[in-house]
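# Report on the structure
Single-letter residue listing:
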Amino acid sequence: METLVIVIAAEGWGLQAVANALESSHQVSLVDDRYLEVSQATSSAYVCVMDPQEDGLFEDWPEALIPKGPFAAFSVDYRDPLLMESIVREISAKATTVIDTNFGDVVSGGEFIARIDRDNPRWEWWHWPHDIDDSFA
C-alpha cells in the first residue's frame, strides 16, 4: 500500500467533511471515528487525519505551497492510483488542495489534475522515476 497526502487549505475540514465531499461518487464509511474507508468498484483507500507538526509534513515542501491560514491534512493509504486520482479530483473541486505524492512531487490539486489529464505519456505520480542502470547486474 502507498500513501499520498492531501492538505486542504480551508476551515472546517475533518473526516466528516471529506466523507461528504466524496459520497456522491464513492462508497464512504467512517470506521471507529478514526478513519474513512473510501471505495469505488473493487478498490479501497483509507483516509486518516494527520498531525503536520508531529509528522514533519512541511519539512521538504516548497514554501509557496505551505498553507498560511487554516488547513487540514490527511494521509491516504491506497493501492489503486486511479481511485486516488478520483479522490483528489472530488476534494479539489470543493476546496483548495495541495498534494504530496510521497514520490518527490508536491503540487497544487489543480496542477495534479492538470498533469494527469494532459501528460502524454501519462504522468505516473505513484512511483519514483525509473532510470535504472542495470549494467552492473
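Residues numbered from 1 in each chain as written. Predicted model: local features only at pLDDT ≥ 70, side-chain atom pairs only at ≥ 80, totals over all residues. Heavy atoms only, no water.

## Observations regarding the sheet that holds strand β2 (residues 27-31)
Through backbone hydrogen bonds, the strands of a sheet pair up, either in parallel or in antiparallel fashion. With antiparallel pairing, 7 strands are arranged side by side in an open sheet as β2-β3-β4-β5-β1-β6-β7. Edge positions in the open sheet fall to β2 and β7 (106-108), since each of these has one partner strand only. Ignoring strand direction, the axes of neighbouring strands in this sheet form an average angle of 25°. As paired strands, strand β3 (residues 35-40) and strand β4 (residues 43-49) are joined by 6 bridges and run antiparallel to one another. (Pairing = 2+ DSSP bridges. Helix = DSSP H or I, 4+ residues; strand = E, 2+ residues; numbered from the N terminus. Axes fitted to C-alpha atoms, helices over the stretch in contact; angles between N-to-C directions.)

## So, unusual backbone geometry
One non-glycine residue with positive phi stands out, namely D32, at about 55°. For D32, the position within the fold is in the loop between β2 and β3. For D33, which is not glycine, the phi dihedral falls at a positive 55°. Tracing the sequence through the fold places D33 in the loop between β2 and β3.

## Overview of the side chain of E85
Within the fold, E85 resides in helix α3 (residues 81-92). Residue E85 is classed as buried on the basis of its relative accessible area of 5%. In this structure, E85 is in contact with F112, I116, R122, W125 and W126, ignoring residues within four places of it in sequence. (Buried < 20%, exposed > 50% of the residue type's maximum accessible area, 1.4 Å probe, protein only. Contact = heavy atoms within 4.5 Å.)

Taken by themselves, the reported measurements are silent on function.
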